[in-house]
Amino acid sequence: MPYDNELLRQLTKEYYSGLSEFLNEKYFNNRVTEIQGEKFYEIELSYRPFEKLFPDEFPFRHFWHFEFLDYYRPRIIIPFAVRDYAENGITNEIKPFIFEPNEQEYNIYIDNDRVGLRIRR
């Protein structure tokens, strides 16, 4: 059975379109970073717009904000070309990203599709 690049292109357009929503600065903070010579966006959940959803007496409000988000600083990593991938999709000509972990203050993992996570150790 031949490889279906057109099906891959259509499926990945939808996949990366959803991921490109993380670039909405109303809800998320992002910065450009370089990992293994390739550019990525690091997306931080900005909890400030969501504070109104949790009353002051909500039992986990302060844990969620200060302990988890501020200390562990979780980030979603998405490819810098996410908008291009969302518009055009990808084909098998785009090589998978091969992540090579190293020792640092943060745990980082990026999968072959260039989507990953970063969290403080």
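Note: the structure precedes this text.
This write-up is about the structure you can find in this document. Keep in mind it's a predicted model, so treat the numbers as computed, not measured.

Burial along strand β4 (residues 106–110) is one-sided: Y106, I108 and I110 are buried, and none of N107 and Y109, which face the opposite way, are. Hairpin connection between β4 and strand β5 (residues 116–120): a loop of five residues separates the two successive antiparallel strands, and R114 in this loop has a positive phi of roughly 75°.

Turning next to the environment of F80. By the secondary structure assignment, F80 is in the loop between β3 (75–79) and α3 (82–88). Placed 39 residues apart in sequence, F80 and Y41 show a C-alpha to C-alpha distance of 5.6 Å.

Take the nonpolar core next. Core analysis: the largest hydrophobic core is formed by 12 residues, namely Y16, L19, L23, F28, Y41, I43, I78, V82, Y85, A86, I90 and V115. Looking at this core, the elements with two or more residues in it are α1 (5–20), β2 (38–45) and α3. Not counting residues up to four positions away in its chain, the partners in contact with V82 are Y16, L19, S20, L23 and Y41. Formed by eight residues, the second largest nonpolar core is a distinct cluster that contains F40, I77, F97 and Y106.

The phi torsion at Q36 lies on the positive side, around 50°, for a residue other than glycine. Here Q36 is to be found in the loop between β1 (28–35) and β2. One non-glycine residue, R114, lies in positive phi territory at about 75°. Tracing the backbone shows R114 in the loop between β4 and β5.

Glancing now at the side chain of T91. For T91, the position within the fold is in the loop between α3 and β4. The exposure class assigned to T91 is buried, which follows from its relative accessible area of 12%.

Opposite charge on two side chains permits them to pair, given that their charged atoms come into close proximity. As enumerated under the stated definition, the model contains five salt bridges in all. Among the salt bridges present, the one from R118 reaches E42, with a minimum N-O distance of 3.5 Å. Of the two residues, R118 sits in strand β5 while E42 sits in strand β2, which places them 76 residues apart along the sequence. The same class applies to R118 and to E42, which are both buried. Where R75 meets E44, a salt bridge forms, and the shortest distance between an N and an O atom there is 3.9 Å. In this pair, R75 sits in strand β3 while E44 sits in strand β2, placing the two residues 31 residues apart along the sequence.

The rules behind the values
Residues numbered from 1 in each chain as written. Predicted model: local features only at pLDDT ≥ 70, side-chain atom pairs only at ≥ 80, totals over all residues. Heavy atoms only, no water. Buried < 20%, exposed > 50% of the residue type's maximum accessible area, 1.4 Å probe, protein only. Helix = DSSP H or I, 4+ residues; strand = E, 2+ residues; numbered from the N terminus. Pairing = 2+ DSSP bridges. Core = buried A, V, L, I, M, F, W, Y, C linked by side-chain atoms within 4.5 Å. Contact = heavy atoms within 4.5 Å. Salt bridge = Lys/Arg side-chain N within 4 Å of Asp/Glu carboxyl O.

These figures capture arrangement, not role.
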